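# Summary of structural features
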Amino acid sequence: MGNMENCRLNASYSGNAPFPTETTHLHESLIDSLSDGVIYLDDMGVIRFLNRAAEELLQVNREFVVGKRIDMLPLRTPLYKVLSEYCRDEPVEISISGRVVRVNAAEMPLPDGAGFGEIVELHDVTREKSERRQREEFVAMMTHDLKSPLTVMMGYVQAIKHDMLDTVDPSVRSCIKEIDRSSYKLLGMIEDILDAYRLEVGLLQIHREFCDMKDILQGCCRDISQEAQVRGIEFTYDISDQIPPMKIDGKQLGRVFANLIGNALKFTPRRGKVSVTAEMGDDSVLVSVLDTGIGIPEKDLPRIFNKYYRSESAVGFKGTGLGLTITKAIVDAHKGTIEVESKEGGGSRFDVTLPTTLSEW
Ligand code: ADP
């Protein structure tokens with residue numbers, strides 16, 4: 001029963017009452033001191049034991065229910081509600097007088113070895129649920145309040161760029177282009193900050209479906225080629241066409257590659273080289289992003305995936321220090337790995353390995 005790990009012993013034996021000598025009494029007294037509720041039913045569905053936390057959560061007095069079969073309980077009581085739910089395969093959340101209780105059950109051998117009873121565990125998740133709701137509301141509010149005005153501004157800039165750019169003074173034209181570039185950067189930063197928060201509170205969601213990873217990688221590389229040209233960096237890519245369709249979150253993995261390739265460009269001076277390769281392994285794809293840029297000092301390597309961490313050598317380059325944190329979280333969520341090899345002044349290599357086998361999902 002997985003959730004038994006969540007049970008916490010919140011009281012030690014005070015020593016005022018005689019210490020139980022019988023093993024069963026000792027077990028009962030230990031289970032009684034758990035903060036999670038526990039109910040034990042025998043193979044006939046008769047309640048054999050109910051601990052103190054279960055009494056409190058279900059507002060019931062054990063004296064009146066121990067020894068009774070489930071079907072002998074009054075129907076509208078929380079205890080009946082809990083015991084009549086099937087929650088062996090998956091925990092079920094049940095509302096009881098304004099509280100939310102997560103219930104799960106597992107088979108348990110009877111003490112004499114003759115058959116199986118059932119142990120039901122109750123965990124009060126009211127606070128957990130309300131905190132999660134608050135976090136979701138915060139993310140929704142921030143997403144709306146920060147992104148909406150920016151998206152409106154970007155919409156107007158796009159309209160000016162497409163319809164009026166030729167009619168405006170050249171000095172204003174370059175201002176408009178700068179507003180356009182900066183607003184994209186700002187949007188990217190807002191998304192990173194929100195994602196770092198989502199990640200921390202367990203709200204970063206991965207939606208997997210069959211996608212062509214070759215297309216995603218080629219799209220990223222094509223997008224970045226132009227920027228590389230402007231920066232005077234030689235950019236090459238070689239994506240194997242053996243990569244099969246994979247069940248991945250294409251949008252999120254697109255961000256992973258865009259971030260790694262974007263970093264490679266950012267940290268590589270003019271006349272440097274950046275290359276991307278993607279090749280098939282036995283049952284995985286290996287994507288490597290190599291650059292001849294400033295590299296990462298050895299002492300910083302263990303920390304570059306930490307939130308907000310930026311190496312001292314990155315001072316002077318724009319960034320938030322969140323890209324690699326999010327990148328790693330997305331790769332982890334795909335059961336992949338990310339490794340880095342780098343030398344200060346000697347370029348960097350980031351390797352992302354993603355399993356292609358469906359059995360691993
Ligand atoms: P950001 O790029 O916004 O600073 P990241 O989380 O993407 O944040 O990267 C964290 C740090 O790792 C960077 O600030 C930089 O110090 C280092 N780094 C990442 N990629 C490279 C690279 N290709 N070359 C040199 N340093 C890098």
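Quick caveat, the model's predicted, so the values are computed rather than measured. (Residues numbered from 1 in each chain as written. Predicted model: local features only at pLDDT ≥ 70, side-chain atom pairs only at ≥ 80, totals over all residues. Heavy atoms only, no water.)

### Overview of the overall build of the protein chain
- Along the backbone of the protein chain there are 9 helices and 12 strands.
- The C-alpha atoms of the protein chain give 29 Å as radius of gyration, which overshoots the globular expectation for 361 residues (21 Å, by more than 25%).
- Every one of the 361 residues in the protein chain was classed for burial, and the buried ones make up 40%.
- Pairs at least 24 apart in sequence give 59% of the contacts found in the protein chain among residues at least 6 apart.
- Per element, the accessible surface of the protein chain, about 21,100 Å² overall, is 52% carbon and sulfur.
- The averaged location of the 56 negative side-chain charges in the protein chain is 6 Å from the averaged location of its 43 positive side-chain charges. (Helix = DSSP H or I, 4+ residues; strand = E, 2+ residues; numbered from the N terminus. Rg over C-alpha atoms; globule rule 2.2 N^0.38 Å. Buried < 20%, exposed > 50% of the residue type's maximum accessible area, 1.4 Å probe, protein only. Contact = heavy atoms within 4.5 Å. Areas by Shrake-Rupley, 256 points an atom, 1.4 Å probe, with all protein chains shown as cover. Lys, Arg positive; Asp, Glu negative; His and termini not counted. Charge placed at Lys NZ, Arg CZ, Asp CG, Glu CD.)

### A closer look at the sheet that holds strand E4 (residues 99–109)
- Reading across from one edge, E2-E1-E5-E4-E3 is the order of the 5 strands in this open sheet, with antiparallel pairing throughout. The open sheet has two free edges, formed respectively by strand E2 (47–50) and strand E3 (92–96), since each of these has just one partner strand. Averaged over all neighbouring strand pairs, the angle between strand axes comes to 25°, with direction disregarded.
- Of the strand pairs in this sheet, strand E1 (residues 37–41) and E2 are connected by 3 bridges, and their pairing is antiparallel. Within the sheet, the bridge partner assigned to Leu41 lies in E2 and is Ile47.
- Strands E3, E4 and strand E5 (116–124) of the sheet are contacted by helix H5 (residues 126–163), whose axis makes an angle of about 130° with E4. (Pairing = 2+ DSSP bridges. Axes fitted to C-alpha atoms, helices over the stretch in contact; angles between N-to-C directions.)

### Topic: the sheet that holds strand E7 (residues 234–239)
- Strand order in the open sheet formed by 5 strands is E7-E9-E10-E12-E11, and the pairing between neighbours is mixed. Looking at the sheet topology across the chains shown, the edges are occupied by E7 and strand E11 (337–342). Neighbouring strand axes in the sheet, compared pairwise and without regard to direction, differ in orientation by 10° on average.
- Bridge analysis of strand E9 (residues 273–280) against strand E10 (residues 284–291) gives 7 bridges, and the strand direction is antiparallel. Considered in E10, the bridge of Val274 is made with Asp291.
- Where helix H7 (residues 213–231) meets the sheet, it contacts E7, E9, E10 and strand E12 (348–355), and its direction lies at approximately 170° from that of E7.
- Across the face of the sheet, helix H9 (residues 323–333) comes into contact with E11 and E12 while running at roughly 140° to E11.

### Some thoughts on the packing of H5 against helix H6 (residues 170–200)
- Following both chains from N to C, one finds H5 and H6 inclined at 165°, their axes separated by 10 Å at the closest point. If you check the angle between H5 and H6, you find them roughly antiparallel. In terms of crossing hand, the pair formed by H5 and H6 is left-handed.
- Taken together, the residues of the contact of H5 with H6 break down into 16 nonpolar, 3 polar and 6 charged. (Parallel < 35°, antiparallel > 145°, perpendicular 65-115°, else oblique. Left-handed = near helix turned anticlockwise from the far one by under 90°. Nonpolar A, V, L, I, M, F, W, Y, C, P; charged D, E, K, R; others polar.)

### What about H9?
- By the criterion of burial, H9 is predominantly enclosed, with 8 of the 11 residues buried.
- Of all the residues in H9, the buried ones are Gly323, Leu324, Thr325, Ile326, Thr327, Ala329, Ile330 and Val331.
- Residues of H9 that are buried in the fold lie against H6, helix H8 (250–266), E11 and E12.
- Lys335 occupies a position one or two residues after H9 and carries a positive phi of about 60°.

### Description of the pairing of E9
- Both E7 and E9 contribute to a ladder of 6 bridges, which runs parallel. Among the inter-strand pairings, Glu234 is bridged to a residue of E9, identified as Lys273.
- Where E9 folds back onto E10 in an antiparallel hairpin, the turn is made up of 3 residues.

### So, the site of the ligand
- Neighbouring residues of the ligand: 21 residues in total, closest Asn263, Lys266, Arg310, Thr320 and Leu324.
- Interatomic distance of 3.4 Å between a side-chain N/O atom of Ser348 and a nitrogen atom of the ligand.
- Burial of the ligand by the surrounding chains reaches 98%, relative to a free accessible area of 530 Å².
- The set of elements that each furnish at least two residues to the shell around the ligand consists of H8, H9 and E12.
- Top contributing element to the shell around the ligand by residue count: H8, with 4 residues.
- The residue inventory of the shell around the ligand, partitioned by class, reads 9 nonpolar, 9 polar and 3 charged. (Near = heavy atom within 4 Å. Polar contact = N/O pair within 3.5 Å; in protein donor to acceptor, adjacent residues only side chain to side chain.)

### Here's the deal with the environment of Ser348
- Mapped onto the elements of the fold, Ser348 is located in strand E12.
- Expressed as a C-alpha distance, the spacing of Ser348 and Glu234, which sit 114 residues apart in the sequence, is 15 Å.
- Residue contacts for Ser348: discarding those within four places in its chain leaves Val289, Leu290, Asp291, Gly295, Ile296, Glu341 and Ser342.
- Of note is the side chain of Ser348, whose polar atom sits 2.9 Å from the side chain of Ser342.

### Comments concerning the state of the cysteines
- On inspection of all chains with the given rule, the structure shows 0 disulfides.
- Unpaired in this structure, Cys220 has its nearest cysteine sulfur neighbour in Cys221, at a distance of 6.5 Å.
- Taking the relative accessible area as the measure of exposure, Cys220 reaches 10% and is therefore buried. (Disulfide = S-S within 2.5 Å.)

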